[in-house]
Amino acid sequence: MESSIGMATRIRTLAALAVFKGFSTLPNRNPMSDTIESLSTENRVFSPPSNFAATARVQSLEDYKKLYAESIADPESYWAERASELTWQKPWETVLEWKKPDAKWFVGGQLNVSENCLDRHVAAGNGDKVAILFEGEPGDKRAVTYSQLLADTCKFANALKARGIKPGDRVIIYMPMVPEAAVAMLACARIGAVHSVVFGGFSAQSISDRLEDSEAVAVVTADGGWRRGKVVELKASVDEALEENTTVKNVFVLKRTENEVTMRNGRDHWWHEEIEGASEECPALAFDSEHPLFILYTSGSTGKPKGILHTSGGYLTGAYTTYRYIFDYKDNDVFWCTADVGWITGHSYVVYGPMANGATQVFYEGAPNQPDFGRFWQIVEDYKVSVFYTAPTAIRAFIKAGDSFPEGRDLSSLRLLGSVGEPINPEAWMWYHTKIGGERCPIVDTWWQTETGAILISPLPGATPLKPGTATLPFFGIDAAIVDETGKEVAANEGGKLVIRKPWPSMLRGIYRDEARFKETYWDEYWDQGFYLAGDGARRDEDGNFWIVGRLDDVLNVSGHRLGTAEVESALVAHPAVAEAAVVGKPHEIKGQGIVAFVTLKTESNACDALSAELRNHVGTQIGAIAKPDEIRFAAGLPKTRSGKIMRRLLKEICASGTVSGDTTTLEDFNVVAALQQTSED
Ligand code: PRX
């Protein structure tokens, strides 16, 4: 029998989980009935099909359990074995040096990441194998072999060197999803420059913040990229971002759309001119295992995005190994991860993981609904995609668009599906399983983060029984647990905090130029135990499966991408009409979470629809379209504690139910809440 405390926690956790799972059909239903429904859906179990398991890298749950136990008993040996499958120019002396909170992997070892992704496949006789099957949004197609990709990378690396870019220099990449985006990343890796890719949907202001924080010396961009039939003017945003910048000396511009752009003499160079005559050979110099590979900015609960730093040997080992086992890599696979290279998924499972394995993959430039919602399925059919990896937000958009799109296509080439970015609600899981997977493809629901570098919790498709909605079990060498405030592991089905108790090779090495924030965000809470705090709430069921409930901090997950409430708030407050703003998440049918902004104005009487639209656009220009609030609610005041902290919990309640039932004893002025409740009834 469960204790009554345990039961209460369980109900709370499940109710919270139900909020995530239940939003797609009836956003306002009673939380208790959701709880019951969540419990019933959890009973569905899908075992790996025997024909899939028969050829899989790990073929049964017993094998997984045995290998996992071995890997956890001695993670260093496990990871050292995996790392030794890569090409090292100098072997390491120490597998792991762990001085809280700093981990160093494969210390003393030297490698070149781009050599591992390119040269070694060519050297092994696979130069003619296709690396990238590119399809532009307008329909242009290109196949790039590993030999070609190596030659292109060397040429561009030589172009970077010729402009004085050195090991350790930071280079911002702001590109459409074209093969040259991967070339730019690999070229940086080849010469030891540190890339920082900025998602092409982010605004000039976002680029400018990242340029400033990283003190980048160069930018790689394009005249534009195609998105929903229009040109996204990337170069124009770069120009704006560079207006007050003093560190960037060179801008490389790829011609993609023939869109007219301004080129500043001496600073801006056309990519095609730079590589003209450049040598197709560029030595893959050896860099230390801990040499920085990239910085990727992601949102935290406070302030500006933080630059998550990843290094070379450990990161590559993580991306390489997880791709191989979780996507059950086979030589003849055609892999397609729909993520943009601007996100961590695009780093680990478009560029480094698949390429370190020598995989063939699809690159698609544009939107899923261009010209209509059949585009992805047309691509799967045309290129005979065998492994497909996307996000729940996309799946929900497809469900909404209607079944006729996938039904008109031959999807029989698919053998495995994947999901990433947020908990996948069982309804979306079932649709993915039946309509896309033809009930024959396992689904790997992969839990990980920008910080973790690679997938940490996921099914192994030939081994793990699947339950819709859970990322299931930890990967080899990953000591994941759910713990209480004291760091003690909680009982089955009790909610708690997700932590990783031992270092792993692809873990972040820091927040760029902010050691204190690194320590405070991920390590301070369980400092004595040395646990990494993921920031997610979760529970494990009686079979050990991890059910992720959602973020414990003020981080929103919009369409599988992280946004800090503080980030959106500071964008709003930067508008001259706004006095104060508080942002909360609200269940959203497609995006998972939508954004509601409560705004107080300097002049209350200015509140109107036009201002609301203006504020939404303002956030779009400050951060990017992804951060635009779905709803702006003007308010006379915001609920605060006596010490002046905004009580977002109450605002969330007001959004969800229109009223406040929780504890309001710390509230400074209840009238503010009364007024907000009144407004939501109107
Ligand atoms: O809350 C978790 C959620 O996304 C967060 C990480 O976001 P980001 O660094 O942007 O990386 C997204 C792509 C790896 C996590 O803290 N998350 C990611 N994958 C899952 C998930 N939540 C539940 N299930 C997942 N499979």
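For the structure itself, look to the data block above.
Here's what I pulled together on the structure shown here.

**Some remarks on the site of the ligand**
Consideration 1: Around the ligand there are 17 residues in total, and Asp445, Thr446, Thr450, Asp536 and Arg562 lie nearest to it.
Consideration 2: Thr450 places a polar side-chain atom, nitrogen or oxygen, 2.6 Å from an oxygen atom of the ligand.
Consideration 3: Between the ligand and the protein, one listed contact pairs an oxygen atom with a side-chain N or O atom of Asp536 at 2.9 Å.
Consideration 4: In isolation the ligand has 540 Å² of accessible area, and contact with the protein removes 96% of it.
Consideration 5: For the shell around the ligand, the residue count by class is six nonpolar, six polar and five charged.

**Quick word on the packing of aromatic side chains**
Consideration 1: Evaluated as defined, the whole model comprises 48 aromatic pairs.
Consideration 2: Summarising the aromatic geometry, the rings of Phe156 and Trp271 are spaced 3.8 Å apart at their centres and angled 10° between planes, so their arrangement reads as stacked. With Phe156 in helix H7 (residues 146–162) and Trp271 in helix H11 (residues 271–275), the pair connects residues that are 115 residues apart, well separated along the chain.
Consideration 3: Note on Phe156: relative accessible area 0%, which makes it buried.
Consideration 4: A centroid spacing of 5.2 Å and a plane angle of 50° characterise the contact between Phe475 and Phe476, whose relative ring orientation is tilted.
Consideration 5: Judged by relative accessible area, Phe475 falls into the buried class, the value being 2%.
Consideration 6: A residue is classified by how much of its surface remains accessible, and Phe476, at 2% relative accessible area, is buried.
Consideration 7: Three or more aromatic residues joined by ring pairs make a cluster, and in this case those are Trp336, Tyr364, Phe373, Phe376, Trp377, Phe388, Phe398, Phe405 and Tyr432.
Consideration 8: Across the ring face of Trp270, the terminal group of Lys255 is positioned such that the distance to the ring centre comes to 4.7 Å.

**Some remarks on the nonpolar core**
Consideration 1: Phe156, Phe327, Tyr349, Tyr352, Leu498 and Leu572 are the most contacted members of the largest nonpolar core, which totals 160 residues.
Consideration 2: Sort the elements by how many residues they give to this core and helix H8 (residues 179–191) lands first, with ten residues.
Consideration 3: One finds Val334, Val385, Leu417 and Ala428 within the second-largest nonpolar core, a separate group that totals 29 residues.

What counts, and where the lines are drawn
Residues numbered from 1 in each chain as written. Predicted model: local features only at pLDDT ≥ 70, side-chain atom pairs only at ≥ 80, totals over all residues. Heavy atoms only, no water. Near = heavy atom within 4 Å. Polar contact = N/O pair within 3.5 Å; in protein donor to acceptor, adjacent residues only side chain to side chain. Areas by Shrake-Rupley, 256 points an atom, 1.4 Å probe, with all protein chains shown as cover. Nonpolar A, V, L, I, M, F, W, Y, C, P; charged D, E, K, R; others polar. Phe/Tyr/Trp six-rings, centres within 6.5 Å; stacked < 30°, edge-to-face > 60°. Helix = DSSP H or I, 4+ residues; strand = E, 2+ residues; numbered from the N terminus. Buried < 20%, exposed > 50% of the residue type's maximum accessible area, 1.4 Å probe, protein only. Lys NZ or Arg CZ within 6 Å of the ring centre and 35° of its normal. Core = buried A, V, L, I, M, F, W, Y, C linked by side-chain atoms within 4.5 Å.

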